[in-house]
Amino acid sequence: MDILSYSFFQHALLGALLASVLCAVVGTYVVTRRLVIAGGGIAHASLGGVGIGAYFHFSPLLGATGFAILTGFAINYLSRQREVREDSAIAMLWTLGMSIGLLFAFLTPGFVTDLQSYLFGNILSITSFDLWCIGLLTLVTLFLFGFGLRTIECVAYDRDFAQTQGLPVAWIESVLTILVALTIVSCLQLVGIILVVALLSIPQATAALFTSSFKGMMWLSGLFSYASCLGGLALSYALNIPSGVAIILVSISIYFLSRLFAR
């Protein structure tokens, strides 16, 4: 229990709580709207921004943010074109972003050794500035969902029906695309690029075993997500393994245990 007295571990616990709330809200929209694969494409494509940021000497996370947002809008645009399949568009942008990121990472002297922290995350490296950024994004997200929950829920479940009701579907999807991209980037230090999509889908899949409502899924997935983070930190400390990997392993374990309990 002495580890609780260290500031870096306190930051990790608070960061995990904020990220759990954020991923619970945004992830519920992603799962309901069936955008999990698109989220994976955005996450992996953000590596391009990381590499460019390192090469041109500005914040890799800032580069990842720009790349993630651009990729999200590019996926939306290409998937609307009749001659391009949505899965093909995602695969193309996914591999393009990762290729650009790896290229610039290898062109940047000494950065390849730092690349692992962006791929797999390190929750213990979260700083006070990171907490402020995640906290602000969480507050903005909660405000937007609290203010327009019915509208967002309608778009998530049936986009075509929402359009027939005169709702600003395109505008709502644009705002939520930005939120998804920002959520992915804010969680890179938690579990990394490779595993971040799991936080946006596995706790929600677990929550769906016990509830069928949009709001209920948000509440339960937040609880399951934070439990996964706490369990992952404990497992990482006990076995000396990467924290991001441990968090996802615990999250998947909770899902299968919940399936047994739900039956």
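Fair warning: this is a prediction, and the values are worked out from it, not measured in the lab.

Glancing now at the pattern of salt bridges. All chains considered together, the criterion is met by three salt bridges. Residue arginine 85 is joined to aspartate 87 by a salt bridge in which the shortest nitrogen-to-oxygen separation is 3.1 Å.

At a minimum axis separation of 7 Å, helix α2 (residues 36-45) and helix α5 (residues 86-107) run at an interaxial angle of 20 degrees. With respect to α5, the element α2 is oriented roughly parallel. Viewed along their axes, α2 and α5 form a crossing whose handedness is left-handed. Seen from α2, the contacting residues are Ile37, Ala38, Gly40, Gly41, His44 and Ala45; seen from α5, they are Ile90, Leu93, Trp94, Gly97 and Met98. Looking at the contact of α2 with α5 residue by residue, the classes come out as seven nonpolar, four polar and no charged.

Let us now look at the state of the cysteines. Counted under the stated rule, the structure contains zero disulfides. Free cysteine cysteine 23: the closest other cysteine sulfur is in cysteine 187, separated by 3.4 Å.

Before going further, it helps to spend a moment on the nonpolar core. Residues Tyr29, Ile123, Phe145, Ile184, Leu190 and Val191 are the most contacted members of the largest nonpolar core, which totals 67 residues. Looking at which element gives the most residues to this core, the answer is helix α1 (residues 7-32), with 11 residues. Not counting residues up to four positions away in its chain, the partners in contact with valine 191 are Leu119, Phe120, Gly121, Val196, Leu199, Gly244, Ile247 and Ile248.

Let us look at the side chain of serine 20. Here serine 20 is to be found in helix α1. Taking the relative accessible area as the measure of exposure, serine 20 reaches 1% and is therefore buried. Contact partners of serine 20, with chain neighbours within four places excluded, come to Gly222, Ser225, Tyr226 and Cys229.

About the cut-offs
- Residues numbered from 1 in each chain as written.
- Predicted model: local features only at pLDDT ≥ 70, side-chain atom pairs only at ≥ 80, totals over all residues.
- Heavy atoms only, no water.
- Salt bridge = Lys/Arg side-chain N within 4 Å of Asp/Glu carboxyl O.
- Axes fitted to C-alpha atoms, helices over the stretch in contact; angles between N-to-C directions.
- Helix = DSSP H or I, 4+ residues; strand = E, 2+ residues; numbered from the N terminus.
- Parallel < 35°, antiparallel > 145°, perpendicular 65-115°, else oblique.
- Left-handed = near helix turned anticlockwise from the far one by under 90°.
- Contact = heavy atoms within 4.5 Å.
- Nonpolar A, V, L, I, M, F, W, Y, C, P; charged D, E, K, R; others polar.
- Disulfide = S-S within 2.5 Å.
- Core = buried A, V, L, I, M, F, W, Y, C linked by side-chain atoms within 4.5 Å.
- Buried < 20%, exposed > 50% of the residue type's maximum accessible area, 1.4 Å probe, protein only.

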